[in-house]
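If you want the building blocks of each chain, they are given just below.
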Amino acid sequence: MAQPKLDRRHFLRLGAAATAGLTTAVAFTPENARASSKADKKVITRKLGNTGIELPVVSMGVMRADNPNILKAAYQMGIKHFDTAHGYQGGRNEEMVGEFFKDKPRDSFIVSTKIHPDRGGISTEKFMEMLDISLKRLKMDHVDILYLHAANDKDYTLDPRYLAALKKAKAEGKAKHLGVTTHTNMAEVINAAVDSKIYEVVLTSYNFRLAKDEKLHKALKRANEAGLGVIGMKNMAGGFLDKEKQKPVNCKAALKWALSNPDVHTCIPGFTTYEMLMENWSVASDIKLDAKEMSDLQLASNEVGLYCHGCESCSGQCPQNLPIPDLMRSYMYNYGYSYPAKAYETVAALSLPENPCANCDECTVTCPNGLNVGERVADIARIRNIPGEFLV
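The name given to the chain in an unreviewed UniProt entry is Aldo/keto reductase, with Prolixibacter bellariivorans as the source organism.

So, in structure tokens, the structure goes:
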């Protein structure tokens with residue numbers, strides 16, 4: 001199935017906001033837009049909802065980084081917010097972050113981490129145990145933002161066990177602010193977070209491929225108006241349009257597009273090289289999309305690409321009851337973000353049969369965004385045959 005072409009008017013509506021001056025936390029005017037894109041190159045900052053935190057619009061997703069020199073360069077360059085998680089790199093990611101920041105002034109950086117309960121769920125006590133392990137790795141007595149990770153519906157977001165753990169963490173001073181992350185069914189999760197009156201931050205997938213998701217945009221606006229901090233992730237929409245990596249997404253343009261929405265306060269692109277850092281950080285002082293960048297994103301939006309929208313339209317379609325959304329996300333991790341370790345970890349946790357598609361002559365699962373589900377399931381399922389220690 002071919003991906004529906006993106007209506008030009010619809011696509012430009014948010015992207016054009018970058019040319020209309022959405023560049024500071026205080027006032028979004030054409031004059032500010034022009035000023036910020038010229039010689040002074042002043043870093044654009046926005047307030048993270050009602051948290052009292054003000055951040056550059058570009059933060060750092062540390063997930064794939066394994067070299068502390070990248071952290072050092074980012075910190076020295078002016079990045080303030082660093083995002084990690086309990087499960088990243090088997091805990092080594094948090095350890096690296098902790099080792100780097102152990103002798104830095106605590107008020108000079110913002111660190112967030114995430115706790116992801118397994119599929120069977122965990123108790124409030126187990127959640128707190130995982131947080132304590134994270135704090136030990138980080139060499140910190142608290143994190144600035146503690147997230148319930150990977151929520152995909154209202155019930156998960158408002159699970160009493162996890163809300164009790166989050167509130168306990170804040171009451172004990174182990175977390176300053178509470179958040180939830182989502183890359184599936186995002187609008188429902190964000191609205192639940194607003195309704196909870198507990199969450200202060202939402203971290204959500206947000207990129208140019210979601211330009212037509214009206215429910216998501218309404219939820220983001222509602223969250224912003226309710227005083228929640230809004231942080232964007234998955235901004236590069238898979239990074240590449242093909243598994244052979246011959247068609248890269250214009251990542252700088254994609255990041256600008258995400259930040260052209262004033263309801264998004266900062267984004268956490270991941271980078272593992274100094275060149276990637278420089279490219280992302282350049283956006284911190286100029287989110288204005290030029291004509292070529294807009295054209296690049298328009299062309300990219302009309303290809304199927306590697307990005308799974310997280311709409312869950314495929315859920316329940318598979319006669320073998322395979323967890324299709326998880327498999328599509330794993331495919332993106334491996335072929336788009338060049339992160340086979342994360343793909344392996346995700347697939348290994350799914351308890352798939354040896355040959356998941358053996359009983360089907362052809363795949364009957366359809367994706368509204370054109371992904372060839374059967375082909376991708378067969379492809380990514382093979383990653384289980386590679387010993388985990390060989391994946392990075």
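Colleague: Talk me through the overall build of the chain; I want residue IDs and the actual numbers.
Modeller: When you go through the chain residue by residue, the secondary structure sums to 15 helices and 10 strands. When the 392 residues of the chain are sorted by exposure, 56% land in the buried category. Partitioning the contacts of the chain with sequence separation of at least 6, the portion at a separation of at least 24 is 75%. Total accessible area on the chain stands at roughly 16800 Å², and carbon and sulfur atoms take up 51% of it.

Colleague: Just give me the short version of the pairing of strand β9 (residues 229-233), but keep the residues and values in it.
Modeller: Among the 5 residues in β9, 5 count as buried, and that is most of the element. Residues of β9 alternate between two faces, with Gly-229, Ile-231 and Met-233 on one and Val-230 and Gly-232 on the opposite face, all of them buried. Inspection of the sheet shows strand β8 (residues 201-205) paired to β9 by 5 bridges, in the parallel sense. Bridged to Ser-205 within β9 is Met-233. Regarding topology, helix α9 (residues 214-225) serves as the crossover connection from β8 to the parallel β9, and that connection is right-handed. Where β9 and strand β10 (residues 266-267) come together, 2 bridges link them in parallel fashion. Within β10, the residue paired with Ile-231 across the bridge is Thr-266. In the classification by handedness, the crossover that spans β9, the intervening helix α10 (residues 251-259) and the parallel β10 is right-handed.

Colleague: Summarise the pattern of salt bridges; cite the residues concerned and give the values.
Modeller: Applying the stated rule across the entire model yields 20 salt bridges. Of the charged contacts in the structure, one is a salt bridge between Lys-292 and Asp-296, with a shortest N-O distance of 2.9 Å. Of this pair, Lys-292 and Asp-296 both sit in helix α12 (residues 291-301), 4 residues apart, roughly one helical turn. Salt bridges sharing common partners tie together Asp-132, Lys-168, Glu-172 and Lys-174.

Colleague: I'd like a rundown of the packing of helix α13 (residues 324-336) against helix α15 (residues 373-381), residues and numbers included.
Modeller: Closest axis-to-axis distance for the α13/α15 pair is 9 Å, and the angle between their directions is 65°. Comparing the axis directions of α13 and α15 gives the class roughly perpendicular. When the axes of α13 and α15 are compared, the crossing they make is left-handed. Judged by residue contacts, Ile-324, Leu-327, Met-328, Ser-330, Tyr-331, Asn-334 and Tyr-335 of α13 engage Val-373, Arg-376, Val-377, Asp-379 and Ile-380 from α15. When the residues that make up the contact of α13 with α15 are grouped by side-chain class, the tally is 8 nonpolar, 2 polar and 2 charged.

Colleague: Tell me what's going on with the nonpolar core, and back it up with residues and numbers.
Modeller: If you look at the biggest cluster of nonpolar residues, it comprises 112 residues, and the most contacted ones within it are Met-60, Phe-82, Phe-101, Phe-127, Leu-146 and Leu-327. When residues of this core are assigned to their parent elements, the largest contribution, 7 residues, is made by α13. When residues of this core are assigned to domains, at least three fall in each of domain 1 (45-302) and domain 2 (324-390). The residues touching Met-60, leaving out its near neighbours within four places in the chain, are Ala-65, Ile-70, Leu-71, Ala-74, Ile-79, His-81, Phe-82, Asp-83, Ile-268, Pro-269 and Phe-271. Within the second largest apolar cluster, 11 residues are counted, among which are Leu-48, Ile-53, Ile-145 and Ile-268.

Colleague: Can you tell me about empty space enclosed by the protein, naming the residues and giving the values?
Modeller: Scanning all chains against the criterion turns up 2 cavities of 30 Å³ or more. Every residue lining the largest cavity is counted, 14 residues in all, and those nearest its centre are Cys-308, Cys-311, Cys-314, Cys-367 and Leu-371. Of the residues in the lining of the largest cavity, the class split is 9 nonpolar, 4 polar and 1 charged. Computed from the structure, the second largest cavity encloses a volume of approximately 80 Å³. Tallying contributions element by element places α13 first for the lining of the second largest cavity, with 3 residues. Considering only residue class, the lining of the second largest cavity consists of 4 nonpolar, 4 polar and 2 charged. Taken domain by domain, the makeup of the lining of the second largest cavity includes at least three residues from each of domain 1 (45-302) and domain 2 (324-390).

Colleague: Summarise the sheet that holds β9; cite the residues concerned and give the values.
Modeller: Pairing between sheet strands relies on hydrogen bonds along the backbone, with the strands arranged either parallel or antiparallel. Ordered by their spatial adjacency, 8 strands build an open sheet running β3-β4-β5-β6-β7-β8-β9-β10, and the pairing between neighbours is parallel. The strands lining the two open edges of the sheet, one partner per strand, are β3 (60-61) and β10.

Colleague: How would you sum up the environment of Ala-348? Please name residues and give values.
Modeller: Position of Ala-348 relative to the elements: it lies in helix α14 (residues 340-348). Note on Ala-348: relative accessible area 44%, which makes it partly exposed. Ala-348 sits 33 residues away from Ala-381 along the chain, and the two C-alpha atoms are 9.0 Å apart.

Rules used in this analysis
- Residues numbered from 1 in each chain as written.
- Predicted model: local features only at pLDDT ≥ 70, side-chain atom pairs only at ≥ 80, totals over all residues.
- Heavy atoms only, no water.
- Helix = DSSP H or I, 4+ residues; strand = E, 2+ residues; numbered from the N terminus.
- Buried < 20%, exposed > 50% of the residue type's maximum accessible area, 1.4 Å probe, protein only.
- Contact = heavy atoms within 4.5 Å.
- Areas by Shrake-Rupley, 256 points an atom, 1.4 Å probe, with all protein chains shown as cover.
- Pairing = 2+ DSSP bridges.
- Right-handed = clockwise from strand over helix to strand, strands pointing away.
- Salt bridge = Lys/Arg side-chain N within 4 Å of Asp/Glu carboxyl O.
- Axes fitted to C-alpha atoms, helices over the stretch in contact; angles between N-to-C directions.
- Parallel < 35°, antiparallel > 145°, perpendicular 65-115°, else oblique.
- Left-handed = near helix turned anticlockwise from the far one by under 90°.
- Nonpolar A, V, L, I, M, F, W, Y, C, P; charged D, E, K, R; others polar.
- Core = buried A, V, L, I, M, F, W, Y, C linked by side-chain atoms within 4.5 Å.
- Domains from an automatic or database assignment.
- 1 Å grid on protein atoms, 1.4 Å probe; cavity = no way out; pocket = protein on both sides within 12 Å on 5 of 7 lines; lining within 4 Å.
- Points joined across faces, edges and corners; volume = space filled by probe spheres on them.

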